Amino acid sequence: MSSAHAGTGRRVEFDAPFVFAFAAGLGIALALGTWLRLHGLGDQIVQDDEWHAINKLLTAGYGEIFRSFGYADHSIPLTLLYKAMAGTVGLDEIDMRIVQAFCGIALIPAAAALTWAASRSRAATLLCAFLVSGAPFLVLYSRTARPYAITTLIAVATLAGLWRWRERRSWKLGAAICALTALSAWLHPVSAMFPATAMVFIFLDDLRGGRAALPRLARIAALGVAAALSIAALLAAPIMNDWVSLSAKTGGDHANAYTISRALSLFAGGLPDPLTWVVTLVAAFGALRTIRRAPALGAYLAVLATVPVLLVMLLGAMWTQQGHTFARYVFPVQVIYLAWMSIGFAGLVHEATRRTRPGLELALAAFAAAGYLVVNPAIRQVATLGPWYGHLYHHFDYVAAHNVAQLAYLGYEPPLFYRRLDAMAPHSVTLIEAPFTLEAPANDLAFLSLSHHQREIIGLIHDLCLEGPLDGEVPKDGRFRFRNFVFLDDREAVLATGARYLLLRRDQFHGRPFREADRCLAALTKLYGEPADIDSRLAVFDLHPAGASRKLQ
């Protein structure tokens, strides 16, 4: 093996026989991550928090969107983007998520670069690339029309930029840092705590230089002021106009030890709890190893992984007592955690062999990556869950014993007709299901789909039989091109789907009794004939009964 030195404490390995394997491994990790983030992206039904932006753009102009946080917490720039898309090319499931998907893909090489900078270990770098590629929590929010995948990538880039700026304090890099910090805060205000923490770290680090460090202190103070002004340029209007909405989200729900344990489980990939604690110890070893190898960088990463967590605990934002919500507020910590896990694993292999064996280290890193991908649910979920991939039922917690969204269905009896669907061959019929409940906790379709495995389309009923504002539906116009929705008052469009059954739930809508059920049943009967099956909970219309053209079935 040959090596070269690149600065104090840095050993760069040049093991020519393993360079190809390393590069190929990184390519495979990137390809896997791309598939996980793009496969079936357009098949996912828009649901739950993804509707915040839709509801806002339907009722507000560009100016109002710019000036409002909204109690439902729409991301201002994403909502502006979606409104522009709706007014030009039209908005669909892919349009709403494609930026997040590409940011999730870009995070893979970014995390690998972070690990390389912290370790100069190809084994750790390769393992981290696979961990980030296949982390189910990261995959989820790379496929969700919310800002977290974007802010995570921006945060990692900004923190890397700040570390570089610490050594070379150029105004161009400082301007880029300010722009990225402002954009991240505009997307989601809480994300600003990461660059703010990094700037405070650099300021305190400069203080150790005494009087000689005054010029450096002046520069970091100027950068902090410039970043704050950049944020203010975008957020001053909503803060002044809609402070009530922002302040209403704080001070109510505080995390505890259980919250942190569930967040760690999500970060680790939903591994069994004993294994989560094992890999967390490995990550802690990786953090210590990083501090020993590069004390300043190690301390920088440690501060970034702890201070924002403490800030969110202190802030008490709504729902942050839940591990899922808490974890997504501190997503960049997951990247650091996975980098440390990779460095810790490579370090343990190195210590066990008592000398550098690049081939063995790479092989064991690949083995660990394969085991991680087998144990965690990311690949299975993307490959099999289809329209309900993003439902909270599958992601609230990846350990079943802690997933309250799943536990809520213990003893639940589905409508009788679904038992008949369960007996049919998977993917043999297409269902149109109505009405649509956008709130995941009140929507049982994800649970029901696990047994019948049929293709599903959502039927929209507002124009058919409801009055008042839209609730989980979009208007029937060219601004919206959602492929998973069909308007039930448009008989021609319904029949063109090729669906066999149209199912009307009569018992509940948005988690409440469905008071307009009889009116909707009458309207559907007028268009599609008498129900083929009906009880107090469900009416079933057979759109292509026996004898109909086989082309339509």
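Keep in mind it's a predicted model, so treat the numbers as computed, not measured.

Draft legend 1. Up close: the overall build of the protein chain. Secondary structure assignment for the protein chain yields 25 helices and 10 strands. Expected size for 553 residues packed as a compact globule is a radius of gyration near 24 Å; at 26 Å, the protein chain falls within 12% of this value. When its C-alpha atoms are laid out on the principal axes, the protein chain stretches across 85 × 55 × 40 Å. Of all 553 residues assigned to the protein chain, the portion counted as buried reaches 54%. Across the protein chain, the fraction of contacts at a sequence separation of at least 24, relative to all contacts at a separation of at least 6, is 76%. Carbon and sulfur atoms make up 65% of the accessible area of the protein chain, which amounts to about 23,400 Å² in all. Distance between charge centroids for the protein chain: 13 Å, based on 48 positive and 41 negative side chains.

Draft legend 2. Inspection of a nonpolar patch on the surface at higher detail. Taken together, the side chains of Val-200, Phe-203, Leu-204 and Leu-207 define a hydrophobic patch exposed on the protein surface, amounting to about 340 Å² of accessible area. Along the chain, the position of Leu-207 falls in helix α10 (residues 193-207).

Draft legend 3. Helix α13 (residues 273-293), seen in detail. Taking 1.5 Å per residue as the helical rise, α13 with its 21 residues ought to reach 30 Å, and the 30 Å between its terminal C-alpha atoms agrees with that figure. Within α13, burial applies to Thr-276, Val-279, Thr-280, Val-282, Ala-283, Gly-286, Ala-287 and Thr-290. The arc that holds every buried residue of α13, seen down its axis, measures 160°, which confines them to one face. Opposite the buried face of α13, at more than 90 degrees from it, the exposed residues are Pro-274, Leu-281 and Arg-292.

Draft legend 4. Quick look at the pattern of salt bridges. Summed over all chains, the structure comprises 24 salt bridges. The shortest N-O distance in the salt bridge between Asp-92 and Arg-483 comes to 3.7 Å. Here Asp-92, found in the loop between α4 (76-87) and α5 (93-119), pairs with Arg-483, found in the loop between α23 (462-465) and β5 (485-487); they are 391 residues apart in sequence, far enough to count as distant. The closest approach of N and O atoms between Glu-167 and Arg-166, which form a salt bridge, is 2.5 Å. Looking at Glu-167, the relative accessible area reads 53%, which means it is exposed. Owing to a relative accessible area of 10%, Arg-166 belongs among the buried residues under this scheme. A single network of salt bridges, built from pairs that share partners, joins Asp-92, Glu-93, Asp-95, Arg-481 and Arg-483.

Draft legend 5. Here's a closer look at the state of the cysteines. In the structure shown here, the tally under the stated rule is 1 disulfide. With its sulfur 1.9 Å from that of its partner, Cys-465 forms a disulfide with Cys-520. Residues Cys-465 and Cys-520 are joined by a disulfide whose S-S torsion is about 85°; by sign, that bridge is right-handed. Separated by 55 residues along the polypeptide, Cys-465 in helix α23 and Cys-520 in helix α25 (residues 517-528) bring together distant segments of the chain.

Draft legend 6. Highlighting the nonpolar core. Ranked by internal contacts, the top residues of the largest apolar core, which has 137 residues, are Tyr-82, Leu-91, Tyr-300, Val-330, Tyr-337, Phe-482 and Leu-503. Take this core: its biggest share by element is 11 residues, from helix α16 (residues 331-353). Once you skip the residues sitting within four places of it in the chain, Tyr-337 turns out to touch Leu-264, Phe-267, Ala-268, Thr-276, Val-279, Thr-280 and Ala-283. Counting 24 residues, the second largest nonpolar core, distinct from the first, contains Val-494, Ala-499, Tyr-528 and Ala-539.

Draft legend 7. How the structure looks around the packing of aromatic side chains. In total, this model carries 22 aromatic pairs according to the counting rule given. Seen in terms of ring centroids, Trp-51 and Phe-436 are 6.2 Å apart; in terms of plane orientation they differ by 45°. Their pairing is tilted. Highlighted residues: Trp-51 in helix α2 (residues 51-59) and Phe-436 in the loop between β3 (430-434) and α22 (445-452), separated in sequence by 385 residues. Neither Trp-51 nor Phe-436 differs from the other in exposure class; each is buried. A ring pair is formed by Tyr-148 and Phe-331, whose centres lie 6.5 Å apart and whose planes are at 55°; its orientation type is tilted.

Draft legend 8. Main features of the environment of Ser-121. Along the polypeptide, Ser-121 turns up in the loop between α5 and α6 (122-134). With relative accessibility at 10%, the residue Ser-121 sits in the buried group. Between the alpha carbons of Ser-121 and Gly-347 there is a distance of 9.0 Å; along the sequence they are 226 residues apart. Residues in contact with Ser-121, not counting those within four places in the same chain, are Trp-116 and Ala-346. One polar contact links the side chain of Ser-121 to the main-chain amide nitrogen of Ala-123, over a distance of 3.4 Å.

Draft legend 9. Local environment of the sheet that holds β5. Ordered by their spatial adjacency, 6 strands build an open sheet running β5-β4-β3-β6-β10-β9, and the pairing between neighbours is mixed. Across the chains shown, the open sheet's two edge strands, defined by having one partner strand only, are β5 and β9 (533-534). Sheet analysis places strand β6 (residues 501-505) next to strand β10 (residues 538-542), joined by 5 bridges and oriented antiparallel. Across the sheet, residue Leu-503 finds its bridge partner in β10, namely Val-540. Across the face of the sheet, helix α21 (residues 416-423) comes into contact with β3, β6, β9 and β10 while running at roughly 150° to β6.

Draft legend 10. Representation of the packing of helix α8 (residues 148-167) against helix α14 (residues 295-315) within the structure. Two elements in contact, α8 and α14, have axes whose closest approach is 12 Å; the angle formed by their N-to-C orientations is 145°. Classified by chirality, the crossing of α14 by α8 is right-handed. For the pair α8 and α14, contact is made by Leu-159, Leu-162, Trp-163 and Arg-166 and by Ala-296, Leu-297, Tyr-300 and Leu-304, respectively. Taken together, the residues of the contact of α8 with α14 sort by class into 7 nonpolar, no polar and 1 charged.

Draft legend 11. Layout of the side chain of His-324. In this structure, His-324 sits in helix α15 (residues 323-329). A polar side-chain atom of His-324 sits 3.0 Å from the main-chain carbonyl oxygen of His-395. With sequence-adjacent residues up to four places away left out, His-324 is seen in contact with Phe-137, Leu-140, Tyr-141, Leu-266, Leu-392, His-395 and Phe-396.

Draft legend 12. Inspection of the environment of Gln-322 at higher detail. Here Gln-322 lies in the loop between α14 and α15. Classification of Gln-322 as partly exposed rests on a relative accessible area of 23%. The spatial distance from the C-alpha of Gln-322 to the C-alpha of Ser-342 is 27 Å, given a sequence separation of 20 residues. Excluding residues that lie within four positions of it along the chain, Gln-322 makes contacts with Thr-259 and Phe-396.

Cut-off values and rules
Residues numbered from 1 in each chain as written. Predicted model: local features only at pLDDT ≥ 70, side-chain atom pairs only at ≥ 80, totals over all residues. Heavy atoms only, no water. Helix = DSSP H or I, 4+ residues; strand = E, 2+ residues; numbered from the N terminus. Rg over C-alpha atoms; globule rule 2.2 N^0.38 Å. Buried < 20%, exposed > 50% of the residue type's maximum accessible area, 1.4 Å probe, protein only. Contact = heavy atoms within 4.5 Å. Areas by Shrake-Rupley, 256 points an atom, 1.4 Å probe, with all protein chains shown as cover. Lys, Arg positive; Asp, Glu negative; His and termini not counted. Charge placed at Lys NZ, Arg CZ, Asp CG, Glu CD. Patch = residues over 30% accessible without salt bridge, like charges linked within 9 Å, V, L, I, M, F, W, Y side chains within 5 Å. Salt bridge = Lys/Arg side-chain N within 4 Å of Asp/Glu carboxyl O. Expected span 1.5 Å × (residues − 1). Arc of directions from axis to C-beta. Disulfide = S-S within 2.5 Å. Core = buried A, V, L, I, M, F, W, Y, C linked by side-chain atoms within 4.5 Å. Phe/Tyr/Trp six-rings, centres within 6.5 Å; stacked < 30°, edge-to-face > 60°. Polar contact = N/O pair within 3.5 Å; in protein donor to acceptor, adjacent residues only side chain to side chain. Pairing = 2+ DSSP bridges. Axes fitted to C-alpha atoms, helices over the stretch in contact; angles between N-to-C directions. Left-handed = near helix turned anticlockwise from the far one by under 90°. Nonpolar A, V, L, I, M, F, W, Y, C, P; charged D, E, K, R; others polar.

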